[in-house]
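# Structural overview
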Amino acid sequence: MQLSDTPAEADFRRRLREWLGKTLPELPPAPEPADWPGRRAYDTAWQRRLFDAGYAGVHWPVDAGGRGATPSEHLIFLEETELAGAPYVGANFVGLLHAGPTVAAEGTPEQRARFLPPILRGDEVWCQGFSEPDAGSDLAALRTRAVRDGDAYVVTGGKIWTSHAEVADWCELLVRTDPQAPKHRGITWLAMRMDAPGVTVRPLRTLAGTTEFAELFLDEVRVPVGDRLGAENDGWRVTMVTLSFERGTAFASEAVACRREVRRLARAARAGGAWDDLELRRELASLEAEFTALWRLVQWNVSEAAARGVPGAGGSVFKLRFSEARQRLYDTAARVVGTEALLDGPWTAQRLQGLSYTIAAGTSQIQRNIVARRILGLPKGR
Amino acid sequence: MDFRLTEDQGRLRDGLRQALTDRRLDWEELTGIGVFQLRVPEQDGGLGLGLPEAVLVFEEAGRAVLSGPLVGTEVAAAVLGLGGRAEVVRVPARGPVLVPELPGLDHVLLLRPDDSLAVLPAAACDASPAPAVDPDRPLWRLEGDLPPGERASAPQARRVAADATLLTAALQSGLAARAVAEAVAYARTREQFGQPIGAFQAVQHLCADMLARAELARVAVYAAAVSGDPGEIAGAKLLADEAAVRGARDCLQVHGGMGFTWEARVHRLLKRAWAWEQAGADRDRCLDALATHL
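Residues numbered from 1 in each chain as written. Chains lettered and ligands numbered in written order. Predicted model: local features only at pLDDT ≥ 70, side-chain atom pairs only at ≥ 80, totals over all residues. Heavy atoms only, no water.

### Regarding the interface of chain A and chain B
Definition in use: Contacts are assigned to residue pairs with any non-hydrogen atoms lying within 4.5 Å of each other. Each of two parts loses accessible area, computed with a 1.4 Å probe, when they are put together; buried area is these two losses added. Counted as salt bridges are all cases of a side-chain nitrogen of Lys or Arg within 4 Å of a carboxyl oxygen of Asp or Glu. Helical segments are the DSSP runs of H or I of at least four residues, strand segments are the runs of E of at least two, and each set is numbered from the N terminus. Charged means Asp, Glu, Lys or Arg here, nonpolar means Ala, Val, Leu, Ile, Met, Phe, Trp, Tyr, Cys or Pro, and polar covers whatever is left, Gly included.
Facing the 51 residues of chain A at the interface are 48 residues of chain B. Of the roughly 4,200 Å² buried where chain A meets chain B, counting both sides, 66% is carbon and sulfur surface. Of all residues in chain A, the largest losses of buried area upon contact with chain B belong to A:M1, A:R282 and A:W300, amounting jointly to 21% of the total for that side. Joining chain A to chain B, the criterion identifies five salt bridges. Of the charged contacts, one joins B:D288 and A:R282 as a salt bridge, the two residues approaching to 2.8 Å between their closest N and O atoms. Here the side of chain A that touches chain B gets 20 residues from one element, more than from any other, and that element is helix α8 (residues 278–308) of chain A. Residue classes in the side of chain A that touches chain B are distributed as 24 nonpolar, twelve polar and 15 charged.

Quick look at the structure:
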C-alpha cells in the first residue's frame, strides 16, 4: 500500500506543475458555454499545447503516438491539470478517451496512422454515435442499418445523446450489419465523417436549457469499408474495449474537482451562516468523507488496472457511488444557499447538470446490474 | 503510487483469513501469532509492522466477527507499551459507561469528554454486569465515581483515540464484507418463484449497494492507515460503520424470515456492527472531527 509518488512520478509531477504554471496564464479567456465553434477552437488549441509539450495522450501507448505513461502518471496528469484549473478535455473527450484508444487497440496500421495523430494534435474532433432512441441501456438493440454497396456501407438510421456533434469531424458509429444474427453479433464499428452527405445534426436542449448534445439523422450516408474498425459484425467486442476505457480513469478529474467543491461549499456555508446549522455542517462533513474515499477508490482502481492491464469492474462501484454523491453535493449546496437555489447561478447550473450523472455512461441501475452479475456472480433472471 | 497490497501484506491477510475460516482462534492463539504485538518494535519482542498491516489483520478479525478486547489490547501495546488485556472506552455523550468483558481485562483506557486519557486498572473499577444485546460481547456498567487512574500525555491520548477508531473501522470493514458474502451465498441458493432470489434485480441491487459501501469503506480504511490523517481516519470510521450496519441489516433482509431467527445467526452481524459503531468514535464524533478540517 503505497500512496506516495515514486521518484519518477514525483519528477513527472514537478515538471508538469512547472509547465502548467507557465502555460495557463498564457491562455485566452474561456468561451461562453453556448459558443460551440468557440469551444471547439478553445479545446483543440489546448490539446495542441499539450501535444507540443509532450502531454497529448499521456496514457496512450507510445506506438500510437502517446506518451506511454503508467496509469499512476496518467492519474497525476489528471489530478494536477484539475488542481491547476487547466481546461477540461472538452471537445477532445471522445477522441482521446473513446475513439482513439479503440483505434489504437483494434485498428490496422493504416487506420492508426490516419486517425490517431489528428486526435493527439487537436486537429480533429470526434463524437460518439452509439445510443439510439430505442437503444439506450440496451445498446445492443440498436437498429441503424448499414448495407454493403461495393466499397462502402450505406448507413440509414438515427443516433441520440451525441455530445459535440455540432463541431465534430468524425463519429464513432455503431451500426447493424446483420439483422438476422443475435443482437450482439450483428453490429459493426465504423468511423463516419460528419460532413458526409446525408448526415443531419439537430441539437437537443437539456433540462438545464443548454444544448450539450444532439440527435443525428443518417440518410443513406456512404462510409468507405476502409473506415470499418475490426471485422464486420465484430463491433460489439470492439465497443466493449471502448467502454472499459470509459470506466477507468474517465471520472478522475471530476473526483478531484468534487473534493474542491466540498471545500468551496464549506466556505460558502461559513460566509452565509449555514455553517451554524449542525445538521448541515455534518452533511458537509459526510460529503468530505465520501469524496476523499472516492478519490482513494480511484487510486485503488488505477493501481489494480496498472497491474492487470485493463480497468476492471471496480469502475462500476466508483461510478455508482460517485454519481450519487455528486448529486447529493449539489442538493446540499441548494440548502447552503437557501432561496438562491431558485435562481440561475453556478450552484444551480451544477445541480441541473448533475441530474445526468446517474443516467449518462451507464445508468446507476445498469451499474448495479454489472456489480451484481460480474463482481458478485449473482445469476441472470428468467 | 501502488495502492495494492504488497506481497507480504497479501500473505499476512490471506494466511489469517484461511486460519480464521478453518476455525475460531482463541485468545491464546491470537496472542501466539502476534496479533497484539503487530506494531511493537522488533527489539521489544514485537513484529515491528505498521498501521497498514494492523488494519489488514483487524479487517480479518472483523470478517470472522471475533470477540474479546482486540482493539484495546493492540493499541495499549503499540502506543502505551502496556502488556495485558485492555479496552478503549470513551465516556459517552448519553447513557452509561459500558465496558465489554470487564473481569477479563487488565486495563481500561478511558477517554474522557475533554479528550484526555486515563489508564485505569480494571480491578479498581466499580461495576456491575449489564444485560447486553450482543450475546458474544457481555457488558459491565461502571458505577460511582470513576477512579482517576494514570493520566496519559496528550499525544498518547490522541494516538490511542485515533488508532482505536481506525482499527475499529477495520473490524467494521471486515464485517461489512462478511455481510455481503453471506447475503450473496444465501441469495444464490434460496429459491422462490422457481429461481434463486439472487436472480431478481430487487435483490441484486440490494447486494450491489452492500458491496459498493463495503468496497468504499475498505479503501478508505487502507488509505487512512497509510496517511494517518485524522480527518481520513474519521471518514473511514464513518463509512465503515455505515457499510457494516446497513450491510448487516440488508443481509438480514435478504435472509427473509430466516434472518429474524436466533439460529440463522445473521443477527450477530448486526448486533456486533451496532456495538462497534459506538466504539472508537461514533458517527457524530467522526462528523464533527471531519467538519473541523473543512
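### Details of the packing of helix α4 (residues 93–106) of chain A against helix α5 (residues 109–121) of chain A
Angle between the axes and distance between the axes: these two values describe a pair of packed helices. Residues and elements named next belong to chain A. The cut-off we apply is this: To obtain an axis, a line is fitted to C-alpha atoms, over the contacting stretch when the element is a helix, and the angle between two such axes runs from 0 to 180 degrees between their N-to-C directions. Should an angle fall under 35 degrees it is taken as roughly parallel, and over 145 as roughly antiparallel, whereas 65 to 115 is taken as roughly perpendicular and any remaining angle as oblique. The sense of a crossing depends on the near helix, which, turned anticlockwise from the far helix by less than a right angle, makes the crossing left-handed and, turned clockwise, makes it right-handed.
The geometry of α4 relative to α5 is characterised by a closest axis approach of 9 Å and an angle of 160° between their N-to-C directions. Of the possible angle classes, the one that applies to α4 and α5 is roughly antiparallel. With respect to the hand of their crossing, α4 and α5 are arranged in left-handed fashion. Facing G95, L96, G100, V103 and A104 of α4, the residues of α5 in contact are Q111, R112, F115, L116, I119 and L120. Per-class residue counts for the contact of α4 with α5 are seven nonpolar, three polar and one charged.

### With respect to the nonpolar core
What counts, and what does not: Throughout this description, the term nonpolar core refers to a set of buried Ala, Val, Leu, Ile, Met, Phe, Trp, Tyr and Cys residues connected via side-chain atoms within 4.5 Å. Three exposure classes are used, based on accessible area relative to the maximum for each residue type with a 1.4 Å probe and protein chains only: buried under 20%, partly exposed in between, and exposed over 50%.
Among the nonpolar cores identified, the biggest contains 149 residues, and A:F291, B:L70, B:L109 and B:L166 are the most heavily contacted of them. In terms of residues, this core owes the most to one element, helix α5 (residues 154–189) of chain B, which gives 17 residues. Counting 27 residues, the second largest nonpolar core, distinct from the first, contains A:V94, A:L96, A:A99 and A:L142.

### Structural notes on the domain arrangement of chain A
All names here are of chain A. The test is simple: The start and end points of each domain follow an automatic or database-based domain assignment.
The domains assigned to chain A are domain 1 (7–88), domain 2 (126–233) and domain 3 (247–375). Summarising the inter-unit geometry, the C-alpha centres of domain 1 and domain 2 are found 29 Å apart. With four residues of domain 1 in contact, the opposing surface of domain 2 contributes seven residues. Summed over both sides, the interface between domain 1 and domain 2 buries roughly 540 Å², with carbon and sulfur atoms accounting for 50% of that surface. Together, W36, R39 and R40 form the three largest contributors to the area buried by domain 1 at its contact with domain 2, with a combined 90%. Where domain 1 packs against domain 2, one counts two salt bridges.

### Examining helix α3 (residues 51–63) of chain B
Residues and elements named next belong to chain B. Here is the rule: One less than the residue count of a helix, multiplied by 1.5 Å, gives the span that helix is expected to have.
Given a rise of 1.5 Å per residue, 13 residues ought to cover 18 Å, and the 18 Å separating the end C-alpha atoms of α3 matches this to within 8%. Counting buried residues along α3, 13 of its 13 residues qualify, which places the element largely inside the surrounding structure. Within two residues after α3, V65 carries a phi angle of roughly 50°, on the positive side.

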